[in-house]
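What follows is each chain in one-letter form.
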Amino acid sequence: MQELRVKISGFGGQGIILSSYIVGKAAAIFDGKNSSMTQAYGPEARGGACSSQVVISDEEIDYPLVDVANVLIAMSQEAYDKFLPILKKKGILLYDTDLVKEVQIHNEIVAKAIPATRLAEEMGKKIVANIVMLGFATAQTKISSYDAMKSSIKESVPARFIELNMKAFQIGYDYIGD
Amino acid sequence: MKQSNLHGEFFMQGNIACAEAALSAGCRFFGGYPITPASEIAERMAFRLPQVGGSFVQFEDEIASMASILGASWAGVKSMTASSGPGISLMLENIGLGIMMETPCVVVNVQRGSPSTGLPTSWGQSDMMQARFGSHGDYGVIALAPKSPQEYFDLTIVAFNYAEKYRLPVFVTSDAIVGHMTEKVYIPPVDELEIINRKYTNKKPGDYQPYTIEPGQWVSDFAKAGDGYLYHSTGLTHDERGYPDMSEACHIQLVNRLIDKIKMNVDDIILLEERDLDDADVVVVTFGTTARTVVPGINLAKKKGIKVGFLRLITVWPFPEQKIRDLAKHVKGFVVPEINMGQIVLEVERCAGGVLTKSLPHPGGGIHDFKDVAKAIEEVAYAK
């Protein structure tokens with residue numbers, strides 16, 4: 001497998017870092033690959049720009065940072081504006097339709113949109129927007145197998161919210177990209 | 001119910017792996033004060049120590065924190081603290097006391113951008129000379145620099161072992177990258193780990209002196225508190241009884257031993273990772289996470305036909321002087337990338353005996369551009 005470099009970005013409080021953790025764990029523990037997750041955040045906890053990154057590979061990972069991405073997940077306009085330039089040619093952009101409104105898609109990348117936050121709100125829990133997005137990412141990219149991602153989510157969220165998160169994952173997975 | 005040490009494969013953050021390693025090594029006391037990017041270690045220890053019958057105390061500052069782990073160690077418990085540059089600065093006086101009283105303990109410095117409060121959430125490796133010379137006076141020191149969460153786990157165990165074996169505070173000098181990096185970490189069952197525990201005297205209370213060095217040893221054996229041994233220790237220059245002795249002769253003997261117990265055991269203490277050194281023209285000397293971020297630069301230089309060797313200092317202090325001297329006999333030069341303005345390069349240069357040594361500094365908050373690494377290697381390879 002080709003090395004995959006994934007950037008997940010948004011603002012503090014959206015579960016951006018948890019999302020990377022789940023992606024990395026799916027690869028390292030459940031898909032039998034190597035993965036390396038690193039995070040960057042501002043001094044403020046909520047509302048500030050937040051990004052995290054995962055490298056997934058069959059080989060040992062030397063360079064752990066993502067300054068060129070194969071997959072970019074953008075959960076805010078700021079995140080989109082900041083990180084679109086690092087997306088490789090033929091890279092995949094996944095973004096939240098309602099949070100990233102000014103989009104200039106060019107034909108060198110593959111762009112797929114999902115109203116992840118709105119879908120989560122329709123479930124009654126805005127907080128699972130990140131899991132909806134991970135379901136969408138599992139269907140649209142090669143970051144994880146279906147089973148590995150589900151197992152990783154199950155092990156990474158509180159027991160009483162597993163069912164809710166599984167539902168959110170499935171909604172994202174089944175969504176046909178805009 | 002006491003919950004035992006973890007065992008198995010985990011997707012684990014570096015700082016958490018460090019805390020779990022401490023528990024596996026038998027650490028049962030943590031005294032500290034929170035600071036980014038080291039707080040996860042304290043947080044984890046606060047959660048986990050009570051589960052294994054240990055104690056966690058958050059103190060009013062780093063001065064008290066460092067004092068507390070010395071006290072815990074003297075009470076017979078393996079102890080540690082964790083901080084970052086600003087906190088370590090406050091701890092240094094008591095680290096010196098720990099060195100003088102020969103107190104086993106572990107001090108983790110998750111380095112961030114410095115000086116002063118610098119870049120709390122970002123990267124640096126600029127406390128390497130602080131670890132070596134930060135406290136006043138002359139002494140030997142041990143510092144270990146992990147490059148991954150797995151190694152953070154492994155080296156924290158090693159740090160506890162060295163602390164007991166050589167009786168001193170041992171530094172784990174990590175950084176914000178590896179501290180906040182999450183990767184697969186395998187934690188072996190505790191009985192499969194090599195753990196060095198405290199060596200207690202087999203002498204009777206009346207025959208025992210706390211600083212009598214037995215033949216063939218570099219440090220003295222401990223006595224158990226509460227077992228009837230008379231005990232005295234001090235930061236003043238002291239004799240075998242642990243009593244102050246202000247004579248020149250006593251001072252010479254003591255200071256020499258604090259240095260020699262490390263210097264004469266470098267073969268035991270120094271851990272290195274070596275790649276492609278045999279026919280190398282240029283050797284990149286690196287440590288910590290920089291050893292990973294410079295790899296694309298090394299690969300680019302190799303593609304251009306340069307024979308590049310790689311020497312990673314897993315043990316940064318004591319410095320592997322002999323290794324650099326040996327390499328200097330057959331290489332064109334060294335390149336030393338580090339996230340500071342040129343600290344370890346001074347040591348390389350000192351041992352290189354005039355062989356070209358190129359510093360590749362970075363003040364922190366980012367990492368080296370791999371093209372700069374490749375360019376530095378080229379400059380050394382094609383130097384006239």
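Each value, and the rule that gives it
- Residues numbered from 1 in each chain as written.
- Chains lettered and ligands numbered in written order.
- Predicted model: local features only at pLDDT ≥ 70, side-chain atom pairs only at ≥ 80, totals over all residues.
- Heavy atoms only, no water.
- Helix = DSSP H or I, 4+ residues; strand = E, 2+ residues; numbered from the N terminus.
- Rg over C-alpha atoms; globule rule 2.2 N^0.38 Å.
- Buried < 20%, exposed > 50% of the residue type's maximum accessible area, 1.4 Å probe, protein only.
- Contact = heavy atoms within 4.5 Å.
- Areas by Shrake-Rupley, 256 points an atom, 1.4 Å probe, with all protein chains shown as cover.
- Lys, Arg positive; Asp, Glu negative; His and termini not counted.
- Charge placed at Lys NZ, Arg CZ, Asp CG, Glu CD.
- Phe/Tyr/Trp six-rings, centres within 6.5 Å; stacked < 30°, edge-to-face > 60°.
- Domains from an automatic or database assignment.
- Buried area = accessible area lost by both parts, 1.4 Å probe.
- Expected span 1.5 Å × (residues − 1).
- Polar contact = N/O pair within 3.5 Å; in protein donor to acceptor, adjacent residues only side chain to side chain.
- Salt bridge = Lys/Arg side-chain N within 4 Å of Asp/Glu carboxyl O.
- Nonpolar A, V, L, I, M, F, W, Y, C, P; charged D, E, K, R; others polar.
- Pairing = 2+ DSSP bridges.
- Right-handed = clockwise from strand over helix to strand, strands pointing away.
- Core = buried A, V, L, I, M, F, W, Y, C linked by side-chain atoms within 4.5 Å.
- Axes fitted to C-alpha atoms, helices over the stretch in contact; angles between N-to-C directions.

A. Spotlight on the overall build of chain A. On a plain count of helices and strands, chain A comes out with six helices and six strands. Along the chain direction, N to C, the helices and strands of chain A fall in the order β-α-β-β-β-α-β-β-α-α-α-α. For chain A, whose C-alpha radius of gyration is 15 Å, the value lies close to the compact-globule estimate of 16 Å for 178 residues. Out of the 178 residues belonging to chain A, those deemed buried represent 55%. Of all intrachain contacts in chain A linking residues separated by at least 6 positions in sequence, the fraction that spans at least 24 positions is 58%. Total accessible area on chain A stands at roughly 8000 Å², and carbon and sulfur atoms take up 50% of it. The positive charge centre, built from 19 side chains, and the negative charge centre, built from 21, are 3 Å apart in chain A.

B. A look at the packing of aromatic side chains. Counting across every chain of the model gives 12 aromatic pairs over all chains. Consider the rings of A:Y146 and A:F169, whose centres lie 5.5 Å apart with planes at 50°: the pair is tilted. Linking A:Y146 in helix α5 (residues 146–156) with A:F169 in helix α6 (residues 162–174), this pair joins segments that are 23 residues apart in sequence. Judged by centre distance (4.7 Å) and plane angle (65°), the rings of A:Y146 and A:Y173 are edge-to-face. Of this pair, A:Y146 sits in helix α5 while A:Y173 sits in helix α6, and the two are 27 residues apart along the sequence. According to the relative accessible area criterion, A:Y146 is partly exposed, its value standing at 27%. One aromatic cluster in this structure is built from B:W74, B:Y208, B:F222, B:Y229 and B:Y231.

C. Main features of the domain arrangement of chain B. All names here are of chain B. Parsing chain B into structural domains produces domain 1 (8–192) and domain 2 (273–381). Taking only C-alpha atoms, the centre of domain 1 and the centre of domain 2 are 27 Å apart. On the domain 2 side, the residues contacting the 27 residues of domain 1 number 26 residues. Interface area for domain 1 against domain 2, summed over the two sides, is near 2000 Å², with a carbon-plus-sulfur share of 57%.

D. View of helix α14 (residues 370–381) of chain B. Residue and element names in this part refer to chain B. End to end, α14 covers 17 Å across 12 residues, agreeing with the expected 16 Å (1.5 Å per residue, within 8%). For α14, the secondary structure elements touched by its buried residues are β11 (282–286), α11 (295–303), β12 (308–313), β14 (333–338) and β15 (356–361). Capping the start of α14 is the job of one residue whose side-chain oxygen sits 2.9 Å from the backbone nitrogen of K371: D369.

E. Region of the structure containing the interface of chain B and chain A. At the junction of the two partners, chain B supplies 19 residues and chain A supplies 20 residues. For the pair chain B and chain A, the two sides together bury roughly 1700 Å², of which 58% comes from carbon and sulfur. When residues of chain B are sorted by the area they lose upon contact with chain A, B:F11, B:K184 and B:R292 head the list and together hold 36% of the total. In this structure, A:E60 engages B:K147 in a salt bridge whose closest nitrogen and oxygen atoms are separated by 3.8 Å. Taken together, chain B and chain A are joined by six residue pairs in polar contact (both at pLDDT 80 or more). Looking at the side of chain B that touches chain A, the elements that each hand over two or more residues are β1 (8–13), β6 (119–123), β9 (182–187), α10 (290–293) and α11 of chain B. Ranked by the residues each element gives to the side of chain B that touches chain A, the list is headed by β1(B), at four residues. Considering only residue class, the side of chain B that touches chain A consists of seven nonpolar, six polar and six charged.

F. Structural context of the pairing of β15(B). All names here are of chain B. The pairing of β14 with β15 spans six bridges and is parallel. Looking at the pairing, V335 lines up with K358 of β15. In this region the chain leaves β14, passes through helix α13 (residues 344–352) and returns to the parallel neighbour β15; the handedness of that crossover is right-handed.

G. Layout of the nonpolar core. Residues and elements named next belong to chain B. I41, M45, M80, V108 and I142 are the most contacted members of the largest nonpolar core, which totals 46 residues. In terms of residue count, helix α6 (residues 149–166) provides more of this core than any other element does, 10 residues in total. Non-local contacts of I142, meaning those with residues more than four positions away in its chain, are made with Y162, Y166, L168, V170, F171, I262, I269, W317 and P318. By size, the runner-up hydrophobic cluster in this structure holds 45 residues, among which are I99, C105, V141 and I324.

H. The sheet that holds strand β10 (residues 272–275) of chain B, seen in detail. Residue and element names in this part refer to chain B. Overall, mixed pairing links the five strands, which are arranged β10-β12-β11-β14-β15 in an open sheet. Every interior strand has two partners, whereas the edge strands, β10 and β15, have only one. The mean angle between the axes of side-by-side strands here comes to 20°, regardless of whether they run parallel or antiparallel. Of the pairings in the sheet, the one linking β11 to β14 comprises three bridges and is parallel in character. Paired with V283 across the bridge in β14 is F334.

I. Seen up close, the side chain of B:E151. Its place among the elements puts B:E151 in helix α6. Leaving out residues up to four positions away in the same chain, B:E151 has contacts with B:A145, B:P146, B:R312 and B:I314.

J. Examining the pairing of strand β3 (residues 49–57) of chain A more closely. Residue and element names in this part refer to chain A. Most of β3 sits inside the fold, with eight of its nine residues counted as buried. Here strand β1 (residues 4–11) runs beside β3; their pairing, made up of eight bridges, is antiparallel. Paired with G10 across the two strands is C50, which belongs to β3.

K. Region of the structure containing the pattern of salt bridges. For the coordinates displayed, the defined rule picks out 30 salt bridges over all chains. One salt bridge in this structure joins B:K147 and B:E273, with 3.8 Å as the shortest N-O distance. Within this pair, whereas B:K147 is found in the loop between β7 (143–144) and α6, its partner B:E273 is found in strand β10, the two being separated by 126 residues in sequence. Judged by relative accessible area, which is 18%, B:E273 ranks as buried. The closest approach of N and O atoms between B:K323 and B:E274, which form a salt bridge, is 3.0 Å. Here B:K323, found in helix α12 (residues 321–328), pairs with B:E274, found in strand β10; they are 49 residues apart in sequence, far enough to count as distant. Residues participating in the shared-partner salt-bridge network are A:E60, A:D62, B:K147, B:E151, B:E273, B:R275 and B:R312.

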